[in-house]
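Chain by chain, the residues run as shown.
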Amino acid sequence: QRFTNLLTYSLLPKSAAAYRLQPPESDGEGKWPSQPIELIRFLERAHGDTGFFSLAKLPGSSDDWVVANYTSTCHSGAPWIYGQTFNTDIYVCRCQPIRLD
């Protein structure tokens, strides 16, 4: 069973996305918001061996962030095993969040 699960996982395509998690309120009751997980965006060009992106505030900037992700240079339908066996690239972009009020 373990081998079958690994083989099945390896032959499926992968992708990556960023989410915002709103923790429970700090009022002592610890009540969770009605929708604690919010999809921020899917990461473009994230295929093959992927999904471990980094997010950091840009030094000296009040609003800008830097996002870095590594991914294989393959098409989105490629299986995970392709990303494990071929070259990987690191993509970096500068982002500015937009407040949704």
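Caption draft 1: Structural detail: the overall build of the protein chain. Each helix and strand counted, the protein chain has two helices and five strands in total. The order of α-helices and β-strands along the protein chain, N terminus first, is α-β-β-β-β-α-β. A buried classification covers 21% of the 101 residues belonging to the protein chain. Taking contacts inside the protein chain between residues at least 6 apart in sequence as the whole, the part at least 24 apart equals 48%.

Caption draft 2: Seen up close, the pattern of salt bridges. If you walk through the whole model with that rule in mind, you get one salt bridge. Close ionic contact of Arg94 with Asp64 constitutes a salt bridge, the shortest N to O distance being 2.6 Å. A residue pair is termed long-range when its members are at least 10 positions apart, and Arg94 in strand β5 (residues 88–95) and Asp64 in the loop between β3 (54–57) and β4 (65–72) qualify at 30 residues. A residue is classified by how much of its surface remains accessible, and Arg94, at 60% relative accessible area, is exposed. Among the residues examined, Asp64 registers a relative accessible area of 11% and is labelled buried.

Caption draft 3: Quick peek at the confidence of the model for the protein chain. For the protein chain, the mean per-residue pLDDT works out to 77, and 83% of the residues sit at or above 70. Of all the helices and strands in the protein chain, helix α2 (residues 80–85) carries the lowest mean pLDDT, 73, while helix α1 (residues 2–10) carries the highest, 86.

Caption draft 4: The arrangement of the environment of Pro36 in detail. Looking at where Pro36 falls in the secondary structure, it is placed in the loop between β1 (17–21) and β2 (37–42). When the C-alpha atoms of Pro36 and Leu21 are compared, they prove to be 5.6 Å apart, with 15 residues separating the residues in sequence. If we skip the residues at most four places from it in the chain, Pro36 touches Arg20, Leu21 and Gln22.

Caption draft 5: Main features of a nonpolar patch on the surface. The grouping of Tyr19, Leu21, Trp32, Ile37, Leu39 and Phe42 at the surface amounts to a nonpolar patch, some 700 Å² of accessible area in total. When contributions to the nonpolar patch are tallied by element, the ones reaching two or more residues are β1 and β2. Considering each element in turn, the nonpolar patch owes the most residues, three residues, to β2.

Caption draft 6: Quick peek at the environment of Cys93. Summarising the element assignment, Cys93 is placed in strand β5. As a C-alpha pair, Cys93 and Val66 span 27 residues in sequence and 5.7 Å in three-dimensional space. If sequence neighbours within four positions are ignored, Cys93 has contacts with Trp65, Val66 and Val67.

Rules behind the numbers
- Residues numbered from 1 in each chain as written.
- Predicted model: local features only at pLDDT ≥ 70, side-chain atom pairs only at ≥ 80, totals over all residues.
- Heavy atoms only, no water.
- Helix = DSSP H or I, 4+ residues; strand = E, 2+ residues; numbered from the N terminus.
- Buried < 20%, exposed > 50% of the residue type's maximum accessible area, 1.4 Å probe, protein only.
- Contact = heavy atoms within 4.5 Å.
- Salt bridge = Lys/Arg side-chain N within 4 Å of Asp/Glu carboxyl O.
- pLDDT = per-residue confidence, 0-100.
- Patch = residues over 30% accessible without salt bridge, like charges linked within 9 Å, V, L, I, M, F, W, Y side chains within 5 Å.
- Areas by Shrake-Rupley, 256 points an atom, 1.4 Å probe, with all protein chains shown as cover.

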